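# Residue-level structural notes
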Amino acid sequence: GDSVTQMEGPVTLSEEAFLTINCTYTATGYPSLFWYVQYPGEGLQLLLKATKADDKGSNKGFEATYRKETTSFHLEKGSVQVSDSAVYFCALTGRLLSNFGNEKLTFGTGTRLTIIP
Amino acid sequence: NAGVTQTPKFQVLKTGQSMTLQCAQDMNHEYMSWYRQDPGMGLRLIHYSVGAGITDQGEVPNGYNVSRSTTEDFPLRLLSAAPSQTSVYFCASSYSMDRGLSGANVLTFGAGSRLTVL
């Protein structure tokens, strides 16, 4: 079945450091790929997405490129801020839930990021 | 615009008790779902609905019931709580999870409900 593997956390960085959070996936067909972010005490919210190979999703200075050859969707940011401290989830859709045509969203385990001033 | 509203935010139950977690959205989304979040396991899908009157099971449905009588509401019922159901529960909605539609497959989440079963 579909699966998402994220790098183990927690990750602690200093402000203005470069961030990479690795994400690889296993899926049949051609999944769409997502990064969701969960700030303390809140629900998840979409950070960025990519729907086909070589697409680059970007938002708030974060970027991720859909690499089909390496089945990866690594999250990067050039200069992190304290406000980026959160839990980041990589996810994919691809497998149909049912005959309704809806796709199932499969999440990774999440990576907790802490940025220190 | 309230988005997805979950109540209660916190709940403590004893084993065997029943309760309902409420979820309401005001975005006229057709698709609604319930996830549970457990340490080291990410989010797992419990039940989902593609419209009023239509529900189906996700990955971990045992011990939970749902119904969808209106587009706005999607309550999750625990019939006889067990300690294994201690978790954080998230309700999420989308206008569609059909990849054929532009802008689909994006979920809006509620803030979560933390449930402890003793």
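For the structure given in this document, a descriptive report is provided here. Here the structure is a predicted model, which is why all the values come from computation and not from measurement. (Residues numbered from 1 in each chain as written. Chains lettered and ligands numbered in written order. Predicted model: local features only at pLDDT ≥ 70, side-chain atom pairs only at ≥ 80, totals over all residues. Heavy atoms only, no water.)

The subject of this paragraph is the sheet that holds strand 3 (residues 19-25) of chain B. Residues and elements named next belong to chain B. The strand order across the open sheet formed by 4 strands is 1-3-8-7, and the pairing between neighbours is antiparallel. The open sheet has two edge strands with one neighbour each: strand 1 (4-7) and strand 7 (64-66). Taken pair by pair, the neighbouring strands of this sheet meet at an average axis angle of 20°, ignoring direction. As paired strands, strand 3 and strand 8 (residues 76-78) are joined by 3 bridges and run antiparallel to one another. For Thr20, the partnering residue across the bridge sits in strand 8 and is Arg77. (Pairing = 2+ DSSP bridges. Helix = DSSP H or I, 4+ residues; strand = E, 2+ residues; numbered from the N terminus. Axes fitted to C-alpha atoms, helices over the stretch in contact; angles between N-to-C directions.)

A separate point is the packing of aromatic side chains. Within the structure shown, the criterion is met by 12 aromatic pairs over all chains. Measuring from ring centre to ring centre gives 5.6 Å for A:Phe62 and A:Tyr88, while their planes differ by 40°; the resulting arrangement is tilted. Remark: A:Tyr88 occurs in strand 10 (residues 86-96) and A:Phe62 occurs in strand 8 (residues 62-65); sequence separation between them is 26 residues. In this structure A:Tyr88 comes out as buried when scored by relative accessible area, which is 0%. Geometrically, the ring pair formed by B:Tyr35 and B:Phe109 is tilted, given 6.1 Å between the ring centres and 40° between the ring planes. (Phe/Tyr/Trp six-rings, centres within 6.5 Å; stacked < 30°, edge-to-face > 60°. Buried < 20%, exposed > 50% of the residue type's maximum accessible area, 1.4 Å probe, protein only.)

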